[in-house]
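Residue-level structural notes
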Amino acid sequence: MVQVSRRSSRTFRSVFGPWGPLFLIVGILLVSLSLLSVKSPPPQKDESVLRGGGGGSTTVSAMSASRILRSGKPYLVYGTAWKKEETARLVSEAIESGFRFIDTACQPKHYEEALVGEGWSAAAKKLGLERSDLYIQTKFTAPGGQDPARLPYDEKAPLEDQVRQSLVKSLSNLKTDYLDALVMHSPMRKMSDTEKVWKLFESFVDEGKVLKLGISNCYDVDKFKTLYESARIKPSILQNRFYSDSNFDDSLRRFCKENNIVYQSFWTLTASRRALASPEIKQLASKKNLTPQTLMYAFMMSLSHTPLDGTTSKIHMMEDVAIMERIMGGEEILSEDEITLMGRILGMPDYQ
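Described below are features of the structure shown in this document. (Residues numbered from 1 in each chain as written. Predicted model: local features only at pLDDT ≥ 70, side-chain atom pairs only at ≥ 80, totals over all residues. Heavy atoms only, no water.)

Pairing is parallel around the closed barrel formed by eight strands, whose spatial order is β1-β2-β3-β4-β5-β6-β7-β8. With strand direction ignored, the average angle separating the axes of adjacent strands in the sheet is 30 degrees. Where strand β1 (residues 77-79) lies against strand β8 (residues 306-309), two bridges are found, and the strand directions are parallel. Within β8, the residue paired with V77 across the bridge is L308. This element, helix α13 (residues 292-302), spans β7 (262-266) and β8 of the sheet and lies at about 150 degrees to β8. (Pairing = 2+ DSSP bridges. Helix = DSSP H or I, 4+ residues; strand = E, 2+ residues; numbered from the N terminus. Axes fitted to C-alpha atoms, helices over the stretch in contact; angles between N-to-C directions. Contact = heavy atoms within 4.5 Å.)

It is worth spelling out the nonpolar core at this point. Ranked by internal contacts, the top residues of the largest apolar core, which has 89 residues, are F201, F224, L238 and F299. If we ignore the near neighbours within four places in the chain, the residues touching F299 are L334, I339, M342, G343, L346 and M348. (Core = buried A, V, L, I, M, F, W, Y, C linked by side-chain atoms within 4.5 Å. Buried < 20%, exposed > 50% of the residue type's maximum accessible area, 1.4 Å probe, protein only.)

Attention shifts here to helix α5 (residues 87-97). Burial of α5 is extensive: nine of the eleven residues sit out of reach of the surface. Residues of α5 that are buried: T87, A88, L90, V91, S92, E93, A94, I95 and S97. Residues of α5 that are buried make contact with β1, β2 (101-103), α6 (113-127) and α14 (314-328). Backbone geometry just after α5 places G98 at a positive phi near 130 degrees.

Counting buried positions along strand β4 (residues 179-184) gives six out of six residues, so the element sits mostly inside the fold. Relative to β4, strand β3 (residues 135-140) runs parallel, the two being bridged by four bridges. Each residue of the ladder has a partner; that of F140, found in β4, is M184. In the classification by handedness, the crossover that spans β3, the intervening helix α7 (residues 159-173) and the parallel β4 is right-handed. One ladder, built from five bridges, connects β4 with strand β5 (residues 210-216); its direction is parallel. Paired with A181 across the two strands is K212, which belongs to β5. Each parallel crossover has a hand, and for β4 linked through helix α8 (residues 191-206) to β5 it is right-handed. (Right-handed = clockwise from strand over helix to strand, strands pointing away.)

Next up on the list: unusual backbone geometry. The backbone of K175 sits at a positive phi, close to 55 degrees, despite the residue not being glycine. Its relative accessible area of 48% is what places K175 among the partly exposed residues. Not every positive phi belongs to a glycine, and N260 is a case in point at roughly 55 degrees. Tracing the sequence through the fold places N260 in the loop between α10 (250-258) and β7.

The next subject is the pattern of salt bridges. Following the criterion strictly, the structure yields 16 salt bridges and no others. The residue K126 makes a salt bridge to E96 at a minimum N-O spacing of 3.5 Å. Here K126, found in helix α6, pairs with E96, found in helix α5; they are 30 residues apart in sequence, far enough to count as distant. Across the pair R150 and E112 runs a salt bridge, and its minimum N-O distance is 3.4 Å. Residue R150 is found in the loop between β3 and α7, and its partner E112 is found in the loop between β2 and α6; the two are separated by 38 residues along the sequence. With relative accessibility at 37%, the residue R150 sits in the partly exposed group. On the basis of relative accessibility, which here comes to 25%, the residue E112 falls in the partly exposed class. A cluster of three or more residues bridged by salt bridges with shared partners is formed by E86, R89 and E93. (Salt bridge = Lys/Arg side-chain N within 4 Å of Asp/Glu carboxyl O.)

Within β3, six of the six residues are buried, which leaves it mostly tucked inside the rest of the structure. By the bridge criterion, three bridges tie β2 to β3 in an arrangement that is parallel. Opposite D103, over in β3, you have Q137 as the bridge partner. Chirality of the crossover, the property in question, places the unit of β2, α6 and β3 among those that are right-handed.

This is the structure:
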């Protein structure tokens, strides 16, 4: 029961007349009721848990590509092949979701390089990013890998001129004055031509137009070693299809590890569909609060490899960024025994 002193009663009566004490009692009751109705705010849901992560993760979207590289942590690269007219939108969505590494090619047959330029620049403007916050790599594709009706360079020009024209086209398409990496889409038919193209690549590094060099679709370890040994500027990247037909590049991946070369994998999910559908992989993914697909990316990153991720789903983009965040936050997703289990299920020779 609320007690009202006589002094308070006299004061209110002098101010409000005979209704003063009543106003005082009503006011005290209202204050009491409001205090009783105050509740602690509900706990906020951890978005990293909703997206398959754990607490305390690092926000990749707040990090630049250069900072991620300095951290030494593994990461995913957004791949832009076969995106056609949706390329710009998907590249923007990937960057807005947290991707900071983009792969493309000056090959109109499979890539819309100019739309990659539109996509990254639109996302950067929206998010307040600088060009240096992103990592953009493209490829030179020889005439044999091009659509003859859509060549990005002069069909009749000498090889060296085609390489130069391709670089000029890429810089224009991608709206940039430098590339973080230039990759040879595949070795040339003759090793002498491969070395010729590489020497020209090296001149682009000397000129400051390119920062790193790499090669793709090179599955012959001896051929890769020959290029490595002859090169003045060594390959920083080997980008290959990760699948059983090449024994999962067992020897090549070992050489890359020994020589501090980034091994980028593509076809990482497509080639492993059967393994990812196995009960053991599904159970392990569920245990880790992941999908089999994000578990596969975690497996590759646990091996210090760099998978290309070509998803067209915004939800999957967020899931994939979330697994990067967990790893960058210091979480060990897979134990050595679990890595061995996955390698065995995939059929990798070094885990049999």
